[in-house]
Amino acid sequence: MRIVVAPAGQNAGTTQRLDDSDQPLGPPENTADLAATIAADEAAHRPRWIWPDTSRIYPALQRKRIRVERAHDIALAESALLGYAGRWGEPTSLPAIVARSRGEEPPTEPAVTADNPDQPRLFEDTDDGLPEDLTAFDATLAAYRRQKGPADQKAAYEPTPVTRRHLDLMIAADSAGALAAAEMSRIGLPWRADVHDQILTEALGPRPPQHTRPAKLQALADEIAARLHTAKLNPDSAAELIRAFQREGLTLESTRAWELKRLEHPAVEPLLTYKSLARLHTANGWAWRDSWVQNGRFRPEYVAAAVVSGRWATRGGGALQIPKAVRAAVVAEPGFRLVVADAQQLEPRVLAAMSADRGMTEAAAHGDLYAALAEQSFKGDRAQAKVGLLSAMYGGSTPAMATLRRRYPDALALLEKAATTGESGGIVRSVLGRTCPAPRSGWDGGPERQAMQRARDRGRFTRNFVIQASAADWAAVLLALLRSSLPDGAELVFFQHDEVVVHCPAEQAEAAAESIRQAAEQATALVLGRTPVRLLLSTAVVTNYAEAK
C-alpha cells in the first residue's frame, strides 16, 4: 500500500491511500494529528509513504519516536530525474514542480528560517508559493504521478540510457537514505567526552583559555619562529610563513605539507607537526566537542545524496571525516558493541564489475586487489599498482598507465571513454542513472589554453564520476537494505561513503554483522547484476571505533 501525505501547518495534514496501481482507495482524509495518523497506519499497514521532503517531515516524527519503514521522497526523486534529463541544480520544491508542469518559470526556493517559538508546531508548512487553486496535498499527489511516468528518453546521453527499473531503484535507495539520515541524526554516535579530553590533553596539553593556543602548539609556534629567525610569527598564516622562508632564501608557492617536505630547513619538521596538531585542535578539539557532543552522543545533521555523485554530506560537525586521532572516543555503551563494516577497495572493484575486464575481474577475486594487480603486471610492486590504478581512475599520469592499458584494456577503455565524453561537453551516468552536471554555458570559450585546461579538468571529473557515483549507488542500496534487516536493538549510527557502523547489544553483534554481509551481496546483485566480482566488506566487532582499524 502507498499513502500520500502532505502537512498543512501546525500538526495537521492530509493523507490518502493508493492501491498497487496508484489509484485512490477513498477520498483524501484531513487529520488534526498527522503524527498519530502516520503512526497508526505504519503499525497497521507498513505502507510506502509519499511526501514532499523527508528532511522536513521525518525529524518531527522521530522526535515522537515514530519510525516508518518506507518512503518516496518527492524532492530527492525530482533531483534525480532532473539530473537524468541534464537539468542539474533546478529547484525541487512542490511549487517548482508545479510551475514546471505548467510550463512556467520555477520560483526561487524560499530561505529556511527558524519557527516562531510562540507558535510551536510539529510540521513545517509545505505549500508556500503554490497557486491558489492547488493544495499541498494535490501538488504532492500530482508530483508523484509525474515522477512515476516514463523517463525522459530525450536525454540520451552517453553511456546508454538506463532502464526505468534502475532509476526507480536509485530513487527508492535515496529515499531510504533520507530516512536513515534523520534517524542517525537523532540517535547519534556514542562519544565519550572523558576519553576525548584525554586524547586532546595528551596531544595538545591541558585545555587552554578561549582564543589561546594549547601549550604544545604554542611551544611549537615558538620553535618555528626561532628556527626561522623571526621574533613574531603566526604559523597559521600562510602569507607570514612564505615571507619568513623567503628571508631564509627559500621559495614556496604554498604551505601545503607536500611542498614543505621538499625543503631542507630546520623549521620544516616542527611546522609539519604544528599543522597536524592545529588541524586536530580546530576540527575536533574542545570547542568542537562543546558544540556537537551532548549527553554522550555526537549528533551531526546528515544529508542523504547531497553531492552530485550521490554521496552524503553533513551540515556541520564534519561527521564524514572522523580522523583516526579521535576515533578511540567513539565507545560503545556498556553491554553494547560497535559493528564496523568497511568496503575494501570499493571503487576499483566497481570498475572491474562495470567493465567486465577479464584481468581486473581475476584480480578482484583476491582479498587485496592491488596486490593481485601487482603480481599480474607490476612484478609484485603493490605501491606501483595502486598508484597506477588510482591515477587511471582520477585522471593522473604515471608510467604505469601503459601497462594498465595493455593488461586491462576494457577497464581503461571505460574510463577513457568517460573522460573523452566529458572533455567534449557530454554527460555520463552511474550504473543506476545518476547523471553528472552539464558544463556551464560558455565553459569551452576564452583563450585556447584555458579552454583546453577546462576540458581536461572536466574529463578528469567525468572519468571518476562514472565509478564514484556507481559506488555511491551500491552504498545507497546497501544502506537501504541494511536499515530494514538489522536485528532488534541494533541501530545504524554512522555512514560514510564505503563504511557503516552499527551500535547493538553485545549478543546481537554477530547477527548484525551477518545482516551487513547479506545486504552487501544483495546490493551487488541489484546494482551490478550478475558479476563474478565480489564487493568485499570487512567487519569488526569492537568496543571502540579505533579498534576496527
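In what follows, the structure referred to is the one given above.
Along each chain, residues carry numbers from 1 onward, in the same order as the chain's sequence is written. In keeping with the predicted nature of the model, local features appear solely for residues at pLDDT of at least 70, side-chain atom pairs appear and are counted solely at 80 or more, and the whole-chain, interface and lining totals rest on all residues. Computation of side-chain values covers all heavy atoms of the structure but excludes hydrogens and water.

Ordered by their spatial adjacency, 5 strands build an open sheet running 3-2-1-4-5, and the pairing between neighbours is mixed. Edge strands, defined here as strands with exactly one partner in the open sheet, are strand 3 (29–31) and strand 5 (70–73). Pairs of neighbouring strands in the sheet enclose a mean axial angle of 25 degrees, with direction left out of account. For two strands to pair, DSSP has to find at least two bridges joining them. Secondary structure follows DSSP: runs of H or I at least 4 residues long count as helices, runs of E at least 2 residues long count as strands, and numbering of each begins at the N terminus. By the bridge criterion, 6 bridges tie strand 1 (residues 2–7) to strand 2 (residues 13–18) in an arrangement that is antiparallel. If you follow P7 over to strand 2, its bridge partner there is G13. By definition in these notes, contact holds between two residues if any of their heavy atoms fall within 4.5 Å. Helix axes are fitted to C-alpha atoms over the stretch in contact, other axes to C-alpha atoms as well, and angles between N-to-C directions run from 0 to 180 degrees. Packed onto the sheet, helix 3 (residues 74–84) meets strand 4 (48–51) and strand 5 and runs at close to 55 degrees relative to strand 5. The strands that helix 6 (residues 164–187) touches are strand 4 and strand 5; relative to strand 5, the one it contacts most, it runs at about 110 degrees.

Mapped onto the elements, F298 comes out in strand 8 (residues 297–298). As for F298 and Y144, which are separated by 154 residues in sequence, their C-alpha atoms are 35 Å apart. Setting aside anything within four residues of it in sequence, one finds F298 in contact with G188, L189, W191, W288, W292, V293, G317, A319 and I322.

Pairing of side chains with opposite charge becomes possible as their charged atoms draw close. Counted as salt bridges are all cases of a side-chain nitrogen of Lys or Arg within 4 Å of a carboxyl oxygen of Asp or Glu. Counted under the stated rule, the structure contains 27 salt bridges. In this structure, R315 engages E301 in a salt bridge whose closest nitrogen and oxygen atoms are separated by 2.7 Å. On the criterion of sequence distance, the pair formed by R315 in strand 10 (residues 313–315) and E301 in strand 9 (residues 301–303) is long-range, its members being 14 residues apart.

Where helix 19 (residues 448–483) contacts helix 20 (residues 509–528), the two axes come as close as 8 Å, and the packing angle between them is 130 degrees. As far as their axial angle goes, helix 20 and helix 19 are oblique. The crossing of helix 19 and helix 20 is right-handed. Residue-level inspection shows S470, D473, W474, V477, L478, L481 and L482 of helix 19 in contact with helix 20, the latter providing S515, I516, A519, A520, Q522, A523, T524, L526 and V527. Taken together, the residues of the contact of helix 19 with helix 20 sort by class into 11 nonpolar, 4 polar and 1 charged. Orientation labels follow simple angle bins: below 35 degrees gives roughly parallel, above 145 gives roughly antiparallel, 65 to 115 gives roughly perpendicular, and whatever is left gives oblique. Crossing handedness follows the turn of the near helix against the far one: under a right angle anticlockwise gives a left-handed crossing, and clockwise gives a right-handed one. Charged residues are taken to be Asp, Glu, Lys and Arg, nonpolar residues to be Ala, Val, Leu, Ile, Met, Phe, Trp, Tyr, Cys and Pro, and polar residues to be all remaining types, Gly included.

Attention shifts here to the side chain of S175. Inspection of the secondary structure assignment puts S175 in helix 6. Between buried and exposed lies partly exposed: a residue is buried under 20% and exposed over 50% of the maximum accessible area for its type, with that area taken using a 1.4 Å probe on protein chains only. On the accessibility criterion, S175 (0% relative accessible area) is buried. Excluding its chain neighbours within four sequence positions, the residues that come into contact with S175 are A71, H72, D73 and L76.

Running from amino to carboxyl end, helix 15 (residues 369–377) crosses helix 16 (residues 382–394) at an angle of 105 degrees, the nearest separation of the two axes being 8 Å. With respect to their mutual orientation, helix 15 and helix 16 come out roughly perpendicular. In this structure, helix 15 uses L369, Y370, A371, L373 and A374 to contact helix 16, whose residues at the interface are R382, A385, K386, L389 and L390. Along the lines of polarity and charge, the residues of the contact of helix 15 with helix 16 split into 8 nonpolar, no polar and 2 charged.

Right, let's talk about the packing of aromatic side chains for a bit. Any two of the Phe, Tyr and Trp rings considered here, Trp counted by its six-membered ring, make a pair once their centres fall within 6.5 Å; the pair's planes then place it as stacked at under 30 degrees, edge-to-face at over 60, or tilted in between. The tally for this structure, following the rule as stated, stands at 9 aromatic pairs. Here the aromatic rings of W191 and F298 are separated by 5.6 Å at their centres, their planes lie at 70 degrees, and the arrangement is edge-to-face. Of the two residues, W191 is situated in the loop between strand 6 (189–190) and helix 7 (193–204) and F298 in strand 8; the sequence distance between them amounts to 107 residues. Here W191 falls in the buried class, since its relative accessible area comes to 3%. Ring geometry for F461 and F465: centres 5.7 Å apart, planes at 55 degrees, overall tilted. Of the two residues, F461 and F465 are both situated in helix 19; the distance of 4 residues between them amounts to about one turn of the helix. Overall, the relative accessible area of 2% leaves F465 in the buried class. Here the aromatic residues W49, W51 and Y58 are joined through ring pairs into a cluster of three or more. Directly above the ring of Y84 sits R429, whose terminal nitrogen or CZ lies 3.8 Å from the centroid. Either the NZ atom of lysine or the CZ atom of arginine qualifies as a charge over a ring when it sits within 6 Å of the ring centre and within 35 degrees of the ring normal.

Next up on the list: the nonpolar core. For this analysis, a nonpolar core means a set of buried residues of the types Ala, Val, Leu, Ile, Met, Phe, Trp, Tyr and Cys, connected via side-chain atoms within 4.5 Å. Within the largest apolar cluster, 130 residues are counted, with the highest numbers of intra-cluster contacts made by W191, F245, W312, W474 and V502. With residues up to four places along the chain from it excluded, the contact list for F245 reads L228, L250, L252, L260, L263, H265, A267, V268 and L271.

The buried fraction of helix 13 (residues 346–355) amounts to 9 of the 10 residues, a majority that puts the element mostly inside the structure. Positive backbone phi, approximately 55 degrees, marks A356, located one or two places after helix 13.

What follows concerns the environment of A371. Positionally, A371 belongs in helix 15. By relative accessible area, A371 is classed as partly exposed at 27%. Separated by 11 residues in the primary sequence, A371 and R382 place their C-alpha atoms 5.2 Å from one another.

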